[in-house]
Every structure is written in C-alpha cells, then in structure tokens.
Amino acid sequence: ISMVSGTVAVSYLSMKDMNATGGAVFTASNTTDLGNNTGWSIGLPASQSLYWRGGTGNWNDPNHWSTSSGGPAGTCVPTPYDNVYFDASSFTANGQSVTINVTAYCNSMSWAGTTNTHALIGTSELHIYGSLTLAASVALTGNYTGQVYFESANSGNTIFSAGKTFSGDIYFNGPGDWTLQDAFNTAVVIRLFNGTLMTNNKNLTCGSFESSGSNIRQLVLGSSTVTVSSYYSAWNIGGSNFALDAGTSTIKFTNTYSSTSMIAGTSDAYYDVIFQDANTGGYIGGGTSFYHNVTFNGAGSISTASGTTFGKVEFKGDGTINYSNYFDSLIFSAGKTYTLDYNAVQTVNSDIRAQGTCGQFITLQSNSPGNKAFISKATGAVTL
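Treat the numbers as computed from the prediction; the structure is a model and nothing was measured.

**Concerning the overall build of the protein**
Phase 1: A count of helical and extended segments in the protein gives zero helices and 41 strands.
Phase 2: Scaling as 2.2 N^0.38, a compact globule of 384 residues should have a C-alpha radius of gyration of about 21 Å, whereas the protein reaches 26 Å, well beyond that.
Phase 3: With respect to the three principal axes, the spread of C-alpha positions in the protein is 80 × 55 × 30 Å.
Phase 4: Burial analysis of the protein (384 residues in total) assigns 46% to the buried set.
Phase 5: Within the protein, counting contacts between residues at least 6 apart in sequence, those at least 24 apart form 33% of the total.
Phase 6: Put simply, the protein shows about 16,300 Å² of open surface, and 47% of that area lies on carbon and sulfur atoms.
Phase 7: For the protein, the centre of its 13 positive side-chain charges and the centre of its 20 negative side-chain charges are spaced 10 Å apart.

As structure tokens, then:
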C-alpha cells in the first residue's frame, strides 16, 4: 500500500504480509501482527483473559465473551494475545456447543473447568499461540474438522488432549516448543514446519508425519510409540535444519491398504521402525541416516542413499536392497526372494541369517541378470 505523504491511521486489524511505502506515516493500533509486515507502526492489543459465556454460539460473537467467568458479555473477540477459558459458567445446559465459524485465534486455550459434555465444532482454522488444555467433557472428534495451528514463539508450551482425536491437519509452525502431557491422536497429518515438538514419552498417533522447509525444527521422541496409519508418504522428512532425537522410540506403520513409504532426511538417527502388516509392503528411502532396528513383516524395500547404516534389519517377506549400505545384522526369511542392487555392496558387521528349508528355498539375486551384487563381511564365517 503506497501513499506519498500524510498519515494513515487504522485500528483493529489482523494483518499479514503487508508493505506500507511511499513516504506517509502508517499507524495500526489494536492490531494483530501475523507477521511479515513492513513500514507500519503497529500497536498490539492488550492481552486479556476471556471467558466463554451463554451456551451455544459462534466464536466471533462478542456476546459470548466476557473478561470474567460468568460475567457480562460484549468484550472483543479473542486475538493471539488473549487466553481463553471454558468453565462451569460457560454453558447453561448439557450438550451445548462452540462453533469455530471463522479463522480463530487465541494465546492459550483451556477447557479444564468444564462440566457435563459440550462440543467444539466447525471447519475453520484455529491458531493457538500458547498451550492447549482439553478435558474429557469436550466432544471434539468428528465435530471439529478444522486445521489446528500451534504457532508459539515461546518455550514451555504444553498440549493436553484428554484422549481426544483431532479430525483436521495439525501444524506446528512457530519457533517455540511444545511438550505433550498425554497421548496425542489425529486421524490426518501432523506437519512440523517450525519449532520443537517433544512427545515426553507419550504415544503419538497420526495419519502421516511431515517436516520440510528450512526453518529450525526438532522432533524429540523419548520412549514414545509413534503409530502412523497412512500409506503414501506416511513419513516424509525434507528440506534442511531438521533434527531428530529418537531416544528409544518405536515408529510403527500400520497401513493395510498399499505399500507404506518412509522418507528420512539426512543424518537422522532412528531407533526402532516396524512395518506391521504382513500383507502390505514397506519402503524406506531418503538420505543417509542411521536405523537401530528395522522389521518388515511384509515385503520390504530399502532405497536410501549410499552409506546408510542399520543395526538389525529383518525381512519377513520378499525384499529389495538398493545402493550400498552397512548392517550389523541382516536377516532373510525362508521361502522369500531378495533382490540386491548390482555393483553395490551390502556390508555386514556381525550376522547374516538366511535359513531356508528344502520346501522353502531362499532366492538371492541381482537386480541386473549377469551382473553381480556384493555382500561383504570382514571376518568370521557366513553360513547360509
């Protein structure tokens, strides 16, 4: 927006990606700064504690917000600087609902004081710039299907989801950090685009997990079990500045529909990875990383960059190994076929196991007939 002289004075805006130019003085008061604004003098709204009141209603109705629990209506709709509360005075009867009918913002949100059962519904986005505390009384699953953005720039944020399952995509998109207080479940995608997510040894369930871009981001898993149910790009790490602290975690892929793909970044160190379904293929690709244990209960394929290191890899179905890799232990199963990349070297440090039977031969072959694939072990005996 360009104006050559004078003053531009605006108020009560939510503003993002706006450049003021031309020489005039641009002032925005009581304005929510959503980032990437230049040329403005922005006065932020005062931070408040806002309480829902009056039972069923829409998020953007001022008559449902008060500055005190059960207090008078008519305050402003929440901004990213306001903490919002739902408590025993928020509803007048059991089964009432709050509809997120517009893009909604708040700092922290808490339902801890609610009684009976009340629903959060709607399809619009919810942006949370602090912590989230749900309660057993919140009917969330299937009622609220909007995308949830966690966008804090601060450390110390927590998420308590009270056993609820989110039905929309989840974004972590601020330079702050978040620590789970209980198991976190979503039926769709978790996208870590900025900041640090710490599972705090709590289990994490999602359709798929994605982290890409160049923002600094970290995933800390501790002893959590991460259950991923999607198939195409079920786990997809790309870009730069991603760090993984896998601890002693287990990433478990449970899809039963089609082959499940796991794309790792570069220099990530995973602990245990399990492709669970015996009738579904599993695929590991991406950059040069480390894996403690990998189990393919169905057909498996390894196609990571050359130099990837594995602890133990067990194929219980057919298998394919591309490029050159390092293994501590490599296990093939009776009656299955294994195809190794020609002119590539599979280096095994400790143990190669391939024990077929006269009725269930194991087939080892190159992926290029007439051209040899290589298995290398420095010392000891290999008996197959």
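Having seen it, we continue.
**A closer look at the packing of aromatic side chains**
Phase 1: The final tally for this structure, using the stated rule, is 25 aromatic pairs.
Phase 2: Ring geometry for W65 versus F86: centroids 6.1 Å apart, planes at 65°, classification edge-to-face. With W65 in strand β8 (residues 65-66) and F86 in strand β9 (residues 83-87), this residue pair connects regions lying 21 residues apart in the sequence. Accessibility assignment for this pair places W65 and F86 in one class, buried.
Phase 3: Note on Y291 and F310: the rings are 5.0 Å apart at their centroids and 15° apart in plane angle, and the pair reads as stacked. Note that Y291 is positioned in strand β33 (residues 290-296) and F310 in strand β35 (residues 308-315), a separation of 19 residues in sequence.
Phase 4: Aromatic rings pair up to connect W52, W59, W65, F86, F91 and W111 into one cluster.

**Points about the environment of T31**
Phase 1: Along the chain, T31 turns up in the loop between β3 (25-29) and β4 (32-33).
Phase 2: Each C-alpha atom, one on T31 and one on A46, is 9.8 Å from the other, the two residues being 15 residues apart in sequence.
Phase 3: For T31, the contacting residues outside a window of four places in its chain are S11, Y12, L13, M15, I42, G43, L44, P45 and Y81.

**What about the sheet that holds strand β7 (residues 57-58)?**
One key point about sheets: their strands pair by backbone hydrogen bonds, in either a parallel or an antiparallel sense.
Phase 1: An order of β7-β10-β13-β16 is seen for the four strands of this open sheet, with the pairing classed as parallel. Two strands close off the open sheet at either side, each with one partner strand: β7 and β16 (138-139).
Phase 2: Inspection of the sheet shows β7 paired to strand β10 (residues 97-100) by two bridges, in the parallel sense. Among the inter-strand pairings, G57 is bridged to a residue of β10, identified as V98.

**Things to note about a nonpolar patch on the surface**
Phase 1: A cluster of nonpolar side chains, namely L364, I375, V382 and L384, defines an oily patch on the protein surface of about 330 Å² accessible area.
Phase 2: With respect to the element layout, L364 can be found in strand β40 (residues 363-366).

**Description of the environment of C358**
Phase 1: By secondary structure assignment, the location of C358 is in the loop between β39 (345-354) and β40.
Phase 2: In sequence terms C358 and F332 are 26 residues apart; their C-alpha atoms lie 15 Å from each other.

**Some points on the side chain of Q346**
Phase 1: Residue position: Q346 is located in strand β39.
Phase 2: Setting aside residues no more than four positions away along its own chain, Q346 makes contact with I321, Y323, S324, N325, F327, L340, F374, I375 and S376.

**Describing the nonpolar core**
Phase 1: If you look at the biggest cluster of nonpolar residues, it comprises 72 residues, and the most contacted ones within it are F86, W111, W235, M262 and Y270.
Phase 2: The biggest single contributor to this core is strand β20 (residues 170-180), with four residues.
Phase 3: In contact with Y270, other than residues within four places in its own chain, are W235, I237, L244, A246, I251, M262, A264, G265, F290, Y291 and H292.

**Quick word on empty space enclosed by the protein**
Phase 1: Within this structure, the stated rule accounts for one cavity of 30 Å³ or more.
Phase 2: M109, L120, L126, I128, L132, L134, L140, Y144, V148 and F166 are the residues that line the largest cavity.
Phase 3: Residue classes in the lining of the largest cavity are distributed as 10 nonpolar, no polar and no charged.

**Here's the deal with the sheet that holds strand β41 (residues 374-376)**
Phase 1: Spatially, the 11 strands line up as an open sheet ordered β19-β21-β23-β26-β29-β31-β33-β35-β37-β39-β41, and their pairing is parallel. The two strands at the open ends of the sheet, each matched to only one other strand, are β19 (165-166) and β41.
Phase 2: Sheet analysis places β39 next to β41, joined by three bridges and oriented parallel. For V345, the partnering residue across the bridge sits in β41 and is F374.

**Description of the pattern of salt bridges**
Phase 1: Per the stated rule, a full pass over the model turns up three salt bridges.
Phase 2: Salt-bridge contacts for R191 lead to D169; the nearest nitrogen and oxygen are separated by 2.9 Å. With R191 in strand β22 (residues 189-198) and D169 in the loop between β19 and β20, this residue pair connects regions lying 22 residues apart in the sequence.
Phase 3: We classify R191 as buried; its relative accessible area is 17%.
Phase 4: Between R353 and D351 there is a salt bridge, with its nearest N and O atoms 2.7 Å apart.
Phase 5: Judged by its relative accessible area of 38%, R353 falls in the partly exposed class.
Phase 6: Several salt bridges converge on common partners, so that one network encompasses D169, R191 and E210.

**With respect to the side chain of S224**
Phase 1: Examined against the element boundaries, S224 turns out to sit in the loop between β25 (217-220) and β26 (225-228).
Phase 2: Overall, S224 belongs to the buried group, its relative accessible area being 0%.
Phase 3: Reaching out from S224, the side chain makes a polar contact with the side chain of T199 at a distance of 2.7 Å.
Phase 4: Other than its neighbours up to four places away in sequence, S224 contacts T199, N201, K202, N203, S249 and T250.

Reading the values: the criteria
- Counting starts from 1 at the beginning of each chain's written sequence and moves along it residue by residue.
- A pLDDT threshold of at least 70 governs which residues receive local features in this predicted model, and a stricter bar of 80 or more applies before side-chain atom pairs are shown or counted, although totals over entire chains, interfaces and linings include all residues.
- Values reported for side chains reflect all heavy atoms of the structure, with hydrogen atoms and water molecules removed beforehand.
- Secondary structure elements are defined from DSSP: runs of H or I of at least 4 residues count as helices, runs of E of at least 2 residues count as strands, and each element is numbered from the N terminus.
- Radius of gyration means the value over C-alpha atoms here, while the globule rule gives 2.2 Å times the residue count to the 0.38 power.
- Type-normalised accessible area, obtained with a 1.4 Å probe on protein chains alone, sets the label of each residue: buried when under 20%, exposed when over 50%, and partly exposed for intermediate values.
- Should any heavy atoms of two residues lie within 4.5 Å, those residues are considered in contact.
- What sets the accessible areas is the Shrake-Rupley method with a 1.4 Å probe; for residues, cover comes only from the shown protein chains.
- Just so you know, the count uses Lys and Arg for positive and Asp and Glu for negative, and it drops His and the chain ends.
- Working definition for charges: the position is that of NZ of Lys, CZ of Arg, CG of Asp or CD of Glu.
- Under the pairing criterion, centres of Phe, Tyr and Trp rings, with the six-membered ring standing for Trp, must be within 6.5 Å; the plane angle then separates stacked pairs below 30 degrees from edge-to-face pairs above 60, leaving the rest tilted.
- A pair of strands counts as paired when DSSP detects no fewer than two bridges linking them.
- Nonpolar side chains (Val, Leu, Ile, Met, Phe, Trp, Tyr) within 5 Å and like charges within 9 Å form the patches, drawn only from residues with over 30% relative accessible area and no salt bridge.
- Every case where a carboxyl oxygen of Asp or Glu lies within 4 Å of a side-chain nitrogen of Lys or Arg is listed as a salt bridge.
- Only buried Ala, Val, Leu, Ile, Met, Phe, Trp, Tyr and Cys residues count toward a nonpolar core, and they belong to the same one when joined by side-chain atoms within 4.5 Å.
- For each structure, a 1 Å grid was placed over the protein atoms alone; sets of points admitting a 1.4 Å probe that cannot get out are labelled cavities, open sets with protein on both sides within 12 Å along at least five of seven lines are labelled pockets, and lining residues have an atom within 4 Å of a point.
- Grid points are joined across faces, edges and corners, and a volume is the space filled by probe spheres set on the points.
- Here the term charged refers only to Asp, Glu, Lys and Arg, the term nonpolar to Ala, Val, Leu, Ile, Met, Phe, Trp, Tyr, Cys and Pro, and the term polar to all other amino acids, Gly among them.
- Polar contacts, as used here, are pairs of N or O atoms within 3.5 Å; protein pairs need one atom able to donate a hydrogen and one able to accept it. Residues neighboring in sequence count only if both atoms are side-chain atoms.

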